[in-house]
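Descriptive analysis of the structure
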Amino acid sequence: MTDARNDEVGEALRKHVLLPAQEMEKLGRTRQPVLTHAEGIHVYTEDGRRLIDGPAGMWCAQVGYGRREIVDAMAEQAMTLPYASPWYMATSPAAKLAEKIASLTPGDLNRIFFTTGGSTAVDSALRFSEFYNNVLGRPQKKRIIVRMDGYHGSTSLTAACTGRRGNWPNFDIAQDRISFLSSPNPRHAGNRSQEAFLDDLVQEFEDRLEALGPDTVAAFLAEPILASGGVIIPPAGYHARFKALCETHDILYISDEVVTGFGRCGEWFASEKVFGVTPDIITFAKGVTSGYVPLGGLAISEAVLARISGENAKGSWFSNGYTYTNQPVSCAAALANIALMEREGIVEHARDMAEHFAAGLRSLADLPGVADVRSVGLVGCVQCMIDPSRVDGTAEDKAFTARIDARCFELGLIVRPLGDLCVISPPLIVTPAQIDEIIAIMRRAITEVSAASGLAPAPGATAP
């Protein structure tokens, strides 16, 4: 991109774009780096730099950039039939995609509803829980139980279910019907074993149900991994024990797999095979199209639907949808993406790369300023703190980690900054050599910033 063109884009950004994470004091005075193109796992900036896309866009670029198969499928569908009203007409791509996704989901989650992205997928799942209980004659059963550190979207309802405190200021988030449980962050266990910590989390859920009245609780909404809340991996057995309580009290278990679905954890969906739970509803987005075009959705259990359909419908209509529900171009992109992933064995490749990725992250654990490393599949993070003995990060830790993120960027790696976390979730096509390059850059950035911050180097720690 020429300098003149750079200036035009920069001016347009400064004057007209409101960012999704906009520091209002600096509105109109700063702009983000501009990407010009991408290929494989790399993106390129306006000044010609090549960067490893460490966060895979935003957890979504599963097959990487420049995949002609997906682009051709989108173009062909756009020329054939770019749009059809989902209320009145059906299209082949939506029907074929629903059938394909049903073949990949666990259990009997065979009915698919398409939305525009992750937020609307989760919002629709929660609206379904309202509809479900109204049809069943239980209008009082509407409460939603969620967790601190969870993230579920940006609609009014999904934002209210999000337990990231940083998302709350200056928004009217609180809703009486939503109840927050403690974060299942293993670092919060203190002196307890992980087994004892899990027992306490389960007891908290039981106590909350008793306090609220289980006949008032419609749904438990949970990400398998609390991704945007800090790549928090609950103790082993957590999801299965919570699902058992949901079954006891006839509560819908909604697994938010917007991040973990479509190979991110080495399986098409992580709930059953990675975390040992078969939910009533799974939400998905992001990786379903590898980010080439927006699409989201949910898969619903046939057993759940049987209770409110056919002879049990009581004249009801599930009147929830979007202009772009079943959008044919998006569905065609998803079909091409899934076909590509199957043809190239990308989910299996992600599974094979998981231990190499985890070992690389573990190799950073002894560096000064590193408090914790954790990963599942190809999503992981390095938690950085001035004082690693602390459980939760401070403003000082966030500033320290921001310097590490910035140094990674200078060295050729995009790291998703989340407070005191350096988050890495590379495209699933990443190779062992590319993982080694990611780890080497992170090692150098952490070592240099820690030294500049006056932290004592760990024994034997050297920059590559």
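A brief structural summary. (Residues numbered from 1 in each chain as written. Predicted model: local features only at pLDDT ≥ 70, side-chain atom pairs only at ≥ 80, totals over all residues. Heavy atoms only, no water.)

Regarding the overall build of the protein chain
- Scanning the protein chain from terminus to terminus reveals 14 helices and 15 strands.
- Expected size for 464 residues packed as a compact globule is a radius of gyration near 23 Å; at 23 Å, the protein chain falls within 12% of this value.
- Viewed in the frame of its principal axes, the protein chain has a C-alpha envelope of about 70 × 60 × 45 Å.
- A buried classification covers 53% of the 464 residues belonging to the protein chain.
- For the protein chain, contacts bridging at least 24 residues in sequence account for 71% of all contacts bridging at least 6.
- Surface exposure of the protein chain reaches about 20,300 Å², of which carbon and sulfur atoms provide 53%.
- Side-chain charges in the protein chain split into 43 positive and 55 negative, and the spacing between the mean points of these groups amounts to 2 Å. (Helix = DSSP H or I, 4+ residues; strand = E, 2+ residues; numbered from the N terminus. Rg over C-alpha atoms; globule rule 2.2 N^0.38 Å. Buried < 20%, exposed > 50% of the residue type's maximum accessible area, 1.4 Å probe, protein only. Contact = heavy atoms within 4.5 Å. Areas by Shrake-Rupley, 256 points an atom, 1.4 Å probe, with all protein chains shown as cover. Lys, Arg positive; Asp, Glu negative; His and termini not counted. Charge placed at Lys NZ, Arg CZ, Asp CG, Glu CD.)

Some thoughts on the nonpolar core
- Grouped together as the largest cluster of nonpolar side chains are 61 residues, with contacts concentrated most on Ile101, Phe114, Phe262, Val382, Ile404, Leu413 and Met442.
- Ignoring anything within four residues of it in the chain, the contact list for Val382 reads Leu361, Leu364, Val370, Asp372, Val373, Asp420, Leu421, Cys422, Met442 and Ile446.
- The next biggest cluster of nonpolar side chains, apart from the first, holds 30 residues, and it includes Leu126, Leu157, Ala218 and Leu221. (Core = buried A, V, L, I, M, F, W, Y, C linked by side-chain atoms within 4.5 Å.)

Examining the packing of helix α12 (residues 346-362) against helix α14 (residues 432-452)
- Running from N to C, α12 and α14 point in directions that differ by 20 degrees, and their axes come no closer than 10 Å. Put simply, α12 runs roughly parallel to α14. For α12 against α14, the interelement crossing comes out right-handed. Contacts between α12 and α14 involve Met353, His356, Phe357, Gly360 and Leu361 from the first element and Pro432, Ile435, Asp436 and Ile439 from the second. (Axes fitted to C-alpha atoms, helices over the stretch in contact; angles between N-to-C directions. Parallel < 35°, antiparallel > 145°, perpendicular 65-115°, else oblique. Left-handed = near helix turned anticlockwise from the far one by under 90°.)

Here's the deal with α12
- Here α12 spans 24 Å end to end across 17 residues, near enough to the 24 Å set by a 1.5 Å rise per residue.
- Within α12, the axis deviates most sharply at Met353, by approximately 35 degrees.
- Buried within α12 are the following residues: Ile346, Val347, Ala350, Met353, Ala354, Phe357, Ala358, Gly360 and Leu361.
- Contacts from the buried residues of α12 go to α11 (328-343), β11 (370-376), β12 (379-384), β15 (421-424) and α14. (Expected span 1.5 Å × (residues − 1). Bend = angle between axes of the 7 residues up to and from the residue.)

Here's the deal with the sheet that holds strand β14 (residues 416-418)
- Judged by pairing direction, the sheet is antiparallel, and its four strands sit side by side in the order β11-β12-β15-β14 without closing on themselves. Two strands bound the open sheet, and with one partner strand each, they are β11 and β14. The sheet shows a mean angle of 20 degrees between the axes of neighbouring strands, direction not considered.
- Pairing of β14 with β15, which is carried by three bridges, proceeds in the antiparallel orientation. (Pairing = 2+ DSSP bridges.)

Keep in mind these values describe shape, not function.
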